[in-house]
Amino acid sequence: MKILVVDDEDLLVKGIRFNLQNEGYEVITGSNGLEALQLCQSASPDLIVLDVMMPEMDGLTACSKIREFSDVPIILLTAKADDMDKLLGFENGADDYLTKPFNILEVKARMKAIMRRSTPKNAKEQDLDIIENGDVRLEKSGKRCYILGKEMNLTTTEFELMELLVSNPNKVYSREKLLTLVWGEDYPGDERTVDVHTRRLREKIETNPRIPIVYTFFTLYFFYCICCSVDRID
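In this report, we go over the structure that sits alongside the text. None of these values were measured; they are calculated from a predicted model. (Residues numbered from 1 in each chain as written. Predicted model: local features only at pLDDT ≥ 70, side-chain atom pairs only at ≥ 80, totals over all residues. Heavy atoms only, no water.)

**Description of the overall build of the chain**
Threshold: The secondary structure listing takes helices from DSSP runs of H or I that are at least 4 residues long and strands from runs of E that are at least 2 residues long, numbered from the N terminus. Only protein chains enter the accessibility calculation, which uses a 1.4 Å probe; a residue is then buried when its area is under 20% of its type maximum, exposed when over 50%, and partly exposed in between. By definition, residues are in contact when any of their heavy atoms lie within 4.5 Å. Shrake-Rupley sampling with a 1.4 Å probe provides the accessible areas, and residues are treated as covered by the protein chains on show and by no other component.
Each helix and strand in the chain was counted, giving 10 helices and nine strands. Counting across all 234 residues of the chain, residues that qualify as buried make up 48%. Relative to all contacts within the chain whose residues are 6 or more apart in sequence, the contacts with residues 24 or more apart total 58%. For the chain, the accessible area works out to roughly 11,600 Å², and carbon and sulfur atoms hold 49% of it.

Below, the structure written as structure tokens:
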């Protein structure tokens, strides 16, 4: 696995690189958002650890621009602990978010959780990886989503959420259940993560995101409960 680490704090970058290299990862580094954008295009990393506050181009802008051409998993790093800052990170396409200072063990744990979801299955399973439902076609091995023949640019997390819902068109999930099924039982984040990713997914795939019902696998009850902040649906 090739990891791109971008932060303007040189000591922090060195520390992360040292720990990840000891785990067997190939690590490339940068110090600002422009470098993050360029290295993502030229080096094709498997995952990006990206700081938010950086010179030349901030991490949020870089994250948003990367999302225009890549669905590579992105973990944002920031000194801001406010919930709105975290939500803004998800809005710009991040898969996860860590607040400084952090434990390197938590960085590794979140990286591994993301990679488990994004790593292709074996060849035999890939032969059966097509899911189709109405106008929607999902290719699990390449994590590609097509609606009416047009490819949607989804992040890894958005694809996993889409796959779950397409595969279970008549089932309603609580936030807690979605968090467990998509992010994993050991994910340390909170349930508001589900709201943000659901909203971003709807904005990408629906003709009019303000209208809850568009495709058959998204039920009115599901979106009503998400939008109205119902904590539990059985």
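**Some details on the nonpolar core**
Nonpolar side chains in soluble globular proteins generally cluster together in the buried interior. As a reminder, the rule being used: What is meant by a nonpolar core is a set of buried Ala, Val, Leu, Ile, Met, Phe, Trp, Tyr and Cys residues, joined one to another through side-chain atoms within 4.5 Å.
Counting residues in hydrophobic clusters, the biggest one holds 46 residues, and the most contacted among them are Ile48, Leu50, Ile74, Leu76, Leu138, Cys145 and Met162. At six residues, helix α7 (residues 156–167) tops the list of elements feeding residues into this core. If you look at the next biggest cluster of nonpolar residues, it comprises 18 residues, including Val5, Leu47, Leu77 and Ile114.

**Examining the sheet that holds strand β2 (residues 26–30)**
To summarise the sheet geometry, strands pair through backbone hydrogen bonds and adopt either a parallel or an antiparallel arrangement. Put simply, the test is: In short, DSSP must find at least two bridges between two strands for them to pair. Note on geometry: axes are lines fitted to C-alpha atoms, helical ones only across the stretch in contact, with angles between N-to-C directions running from 0 to 180 degrees.
Overall, parallel pairing links the five strands, which are arranged β2-β1-β3-β4-β5 in an open sheet. Of all strands in the sheet, those bounded by a partner on one side alone are β2 and β5 (96–99). The average undirected angle you get between the axes of adjacent strands in this sheet is 20°. Where strand β1 (residues 2–6) lies against strand β3 (residues 47–51), four bridges are found, and the strand directions are parallel. By the bridge assignment for β3, valine 5 is matched with valine 49. Running over the sheet, helix α1 (residues 10–22) touches β1, β2 and β4 (74–78) and is turned about 170° from β2. The strands touched by helix α3 (residues 59–66) within the sheet are β3 and β4, with β3 carrying the most contacts at an inclination of about 150°.

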